[in-house]
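# What the coordinates show
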Amino acid sequence: MANYNLKINGQSHQVEVDDDTPLLWVLRDHLGLVGTKFSCGIAQCGACTVHINGEATFSCTLPVSSVGSSEVTTIEGLSKDGDHPVQKAWNEIDVAQCGYCQAGQIMNAAAFLKKNPKPTLEEIENAMNRNLCRCGTYHKIREAVALAAKII
């Protein structure tokens, strides 16, 4: 076991975990940040998406030992009151059905729009295709990302 001082959502957190513990389990089990979801465990679905220095990253396979001094942002830290433009668009379009993938979808969309604030629909589809939705709400996801791009 090793001690890690992690920067998460603008705060420092000290944890003692094995070097190969995935960041997802540190967030959920050690810090109580359960908005980031576990689904596949093999970095294929995107439910576990967080930002590492602003980049959308799958946390289920990322060892905590590789985080170093990077800034980690989870869905809980994306905005204080759920008022990030992507979150507002998600609500306005009423994207969520079961809601399980939504945190990962929103985190991926937020990172994408930060890099590309005026995307085409094709660019939105390409960016969002790494995150799976069990309910198949891809048309609403695409619509919400396009709407968020207009209000950023």
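Above this text sits the structure in question.
Residues numbered from 1 in each chain as written. Predicted model: local features only at pLDDT ≥ 70, side-chain atom pairs only at ≥ 80, totals over all residues. Heavy atoms only, no water.

With mixed pairing, the five strands of this open sheet are ordered in space as E2-E1-E5-E3-E4. The open sheet has two free edges, formed respectively by strand E2 (11–17) and strand E4 (55–58), since each of these has just one partner strand. When strand polarity is set aside, the average angle formed by the axes of neighbouring strands in this sheet is 40°. In this structure, strand E1 (residues 2–8) lies alongside E2, joined through seven bridges in antiparallel fashion. Opposite Ile8, over in E2, you have Gln11 as the bridge partner. Where helix H1 (residues 23–30) meets the sheet, it contacts E1, E2, strand E3 (49–52) and strand E5 (71–73), and its direction lies at approximately 100° from that of E2. (Pairing = 2+ DSSP bridges. Helix = DSSP H or I, 4+ residues; strand = E, 2+ residues; numbered from the N terminus. Axes fitted to C-alpha atoms, helices over the stretch in contact; angles between N-to-C directions. Contact = heavy atoms within 4.5 Å.)

With that out of the way, let us pick up the packing of aromatic side chains. Counting across every chain of the model gives one aromatic pair. Pairing Trp25 with Phe38 gives two aromatic rings, centres 5.1 Å apart and planes at 40°, and the pair type is tilted. On the criterion of sequence distance, the pair formed by Trp25 in helix H1 and Phe38 in the loop between H1 and E3 is long-range, its members being 13 residues apart. Residue classification places Phe38 among the partly exposed residues on the basis of a relative accessible area of 32%. Positioned over the ring face of Tyr100 is Arg134, at 4.9 Å from the centre of the ring. (Phe/Tyr/Trp six-rings, centres within 6.5 Å; stacked < 30°, edge-to-face > 60°. Buried < 20%, exposed > 50% of the residue type's maximum accessible area, 1.4 Å probe, protein only. Lys NZ or Arg CZ within 6 Å of the ring centre and 35° of its normal.)

By themselves these figures say nothing about function.
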